[in-house]
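Spelled out, the chains give:
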Amino acid sequence: MSTTVRAPQQYSQPSRKGKKAWRKNVDVTEVQEGLRLLKDEEIKGGVLAEQPSEELFVIDTKGSSEIRDSYRKQHKKLLKSDEILAQRSAIGAVDTRKRGSSKVTDGVIEPSTKKHKSDWVSKKEWQRLKQVAKEGNPLGKSSDSGFYDPWADEADPTPLDDPQFDYLEKPKPKVAPETLKRAPVSLAANGKAVKAVRTPTAGTSYNPTFEEWDQLLQEQGQKAVDEEKKRLEEERKEAERQRLIEAAQNEDSDAKSDDESAWEGFESEYEKPEWLNKKRPERKTKTQRNKIKRRKEAERLAKWEEQKKKKEDQIAQAKAIAERLKEQEGQLASDGDDSSDEGDDSVLRRKPFGGKIKAPEKPVEVVLPDELQDSLRLLKPEGNLLDDRFRTLIVQGKLESRKPVSQPRKAKREVTEKWAYKDFKVPGL
């Protein structure tokens, strides 16, 4: 059973003052009913009280054929659905015609300006790119040689030759960094340049020979075994260090909790007050002070000599290492001239050039026996070309290996409370 929800109202009660007083909840039923009747009249053609008589009444000089037909069909009753459909409103319906410039649709027909794909290029943009490719000037800069130099000086549209702007600092000319003239330094251990796309080894083929595949499998397996041994050794050292720390803590607690020494009124040194253990300092004589001064001076000179000797040893060691590295580079160069000029990116230098973060590890390119396929159709693609290309650029020395910043630092903001509301004055004081 549906109930009609009405506005809150109070009982009609006359004011005790003899006038109509404003009430909190006034009965607005009459106003709402009037608005509803007004809207019904507007739907049916307009307000009757505002229309002239010519539009409301007409003189019929001949009979109506519709009335005549209705009298003939009085025995036939229309359905309620047909009666509702036959009603027509005087207010025009919303225009649903499709317009080319409109972006509002009915949800079925999409506008012509909508891009179906994120990489979709309009015809106008395609024509522009085609013209740019035809001219061979991607950056749109006009130059005699056809190439744009970002480090070249350009004419300043607003020169500062005016004497009224003498106090302004003159713009500095563009200077190309010195590293642009240097060749990238390879991170390979042998120091040779690494190709962008290396020729894969025969053992990584989808149908390799057993000897080559077994050799590659043994090499990768030995690397994995060595890494696991190194990891276990580090874990053992860390466990041993933690054990020593715990043992030292237990010894201190045992020494402080020794209560067996207290017997028949005898107390150990741990239970004696501190002022009994301290000795009263005595005043040193001048001879003793001079002796201490000479001893400190001798210690300072000995320490300085030790540091000087240590520095000389480090310089000699650095020279020896540099000579040894030079000999190794010469030997590697001679060996490389005999074999090939291609660098090996599987073995990199210990310290990367220009940063503390090492290059990404090279993925293991070996297939287990149960994953080998003798057909190219059954081969499953593995790896990522983007990751491989990124690592190659780092190994070639063209990019710097950096750690990705997942959560950048936010600006520090201090929230303070103004105390102006506490500054008040008492009138009369």
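Residues numbered from 1 in each chain as written. Predicted model: local features only at pLDDT ≥ 70, side-chain atom pairs only at ≥ 80, totals over all residues. Heavy atoms only, no water.

## A look at the overall build of the protein chain
When helices and strands are counted, the protein chain shows nine helices and zero strands. Taken from N to C terminus, the helices and strands of the protein chain fall in the order α-α-α-α-α-α-α-α-α. Split into buried and exposed, the 429 residues of the protein chain put 7% on the buried side. A separation threshold of at least 6 residues defines the contact pool for the protein chain, and within that pool the share at least 24 residues apart is 61%. (Helix = DSSP H or I, 4+ residues; strand = E, 2+ residues; numbered from the N terminus. Buried < 20%, exposed > 50% of the residue type's maximum accessible area, 1.4 Å probe, protein only. Contact = heavy atoms within 4.5 Å.)

## Some points on the confidence of the model for the protein chain
Residues of the protein chain with pLDDT of at least 70 account for 73%, and the chain-wide mean is 77. Long-range and interchain partners of residues 261-267, a stretch whose pLDDT sits below 50, account for four contacts in this model, where long-range means more than four residues apart. (pLDDT = per-residue confidence, 0-100.)

## Some details on helix H1 (residues 29-44)
Taking 1.5 Å of rise per residue, the 16 residues of H1 would be expected to cover 22 Å, and the 23 Å separating its terminal C-alpha atoms lies within 8% of that figure. Positive phi shows up at Gly-45, right after H1, with a value of about 140°. (Expected span 1.5 Å × (residues − 1).)

## Observations concerning helix H9 (residues 385-396)
With 12 residues, H9 should reach 16 Å at 1.5 Å per residue; the first-to-last C-alpha distance of 16 Å fits that figure. Those residues of H9 that fall on the buried side of the exposure criterion are Arg-391, Thr-392, Leu-393, Ile-394, Val-395 and Gln-396. N-capping of H9 is provided by Asn-384, with a side-chain oxygen placed 3.0 Å from the backbone N of Leu-386. One or two residues past the end of H9 sits Gly-397, with phi positive at roughly 90°. (Polar contact = N/O pair within 3.5 Å; in protein donor to acceptor, adjacent residues only side chain to side chain.)

## Considering a nonpolar patch on the surface
On the surface, Val-28, Val-31, Leu-35 and Leu-38 cluster together to form a nonpolar patch covering roughly 320 Å² of accessible area. Tracing the sequence through the fold places Val-28 in the segment before H1. (Patch = residues over 30% accessible without salt bridge, like charges linked within 9 Å, V, L, I, M, F, W, Y side chains within 5 Å. Areas by Shrake-Rupley, 256 points an atom, 1.4 Å probe, with all protein chains shown as cover. Salt bridge = Lys/Arg side-chain N within 4 Å of Asp/Glu carboxyl O.)

## Here's the deal with the pattern of salt bridges
Under the definition given, this model contains 16 salt bridges. With a closest N to O distance of 2.6 Å, Asp-345 and Arg-198 form a salt bridge. With Asp-345 in the loop between helix H8 (286-339) and H9 and Arg-198 in the loop between helix H5 (123-135) and helix H6 (210-256), this residue pair connects regions lying 147 residues apart in the sequence. For Arg-391, the salt bridge identified is with Asp-345, shortest N-O distance 3.5 Å. Within this pair, whereas Arg-391 is found in helix H9, its partner Asp-345 is found in the loop between H8 and H9, the two being separated by 46 residues in sequence. Judged by relative accessible area, Arg-391 falls into the buried class, the value being 8%. Within this structure, Arg-198, Asp-344, Asp-345, Lys-362 and Arg-391 form a network of salt bridges that share partners.

## Focus: the side chain of Gln-396
Within the secondary structure layout, Gln-396 lies in helix H9. Polar side-chain contacts of Gln-396 include one of 2.8 Å to the backbone oxygen of Val-194. Beyond its immediate stretch of four places on either side in the chain, Gln-396 contacts Pro-184, Val-185, Ser-186, Val-194, Lys-195, Ala-196 and Arg-389.

## Observations regarding the packing of aromatic side chains
Counted under the stated rule, the structure contains one aromatic pair. Seen from their ring centres, Phe-210 and Trp-213 are 6.2 Å apart, and the 45° between their planes marks the pair as tilted. Of this pair, Phe-210 and Trp-213 both sit in helix H6, three residues apart, which is roughly one turn of the helix. (Phe/Tyr/Trp six-rings, centres within 6.5 Å; stacked < 30°, edge-to-face > 60°.)

## Focus: the side chain of Ser-186
Note on placement: Ser-186 falls in the loop between H5 and H6. Of the polar contacts made by the side chain of Ser-186, one reaches the backbone nitrogen of Ala-188; its length is 3.2 Å. At a separation of 2.8 Å, a polar atom in the side chain of Ser-186 contacts the main-chain carbonyl oxygen of Lys-192. Excluding residues that lie within four positions of it along the chain, Ser-186 makes contacts with Gly-191, Lys-192, Ala-193, Val-194, Arg-349, Val-395 and Gln-396.

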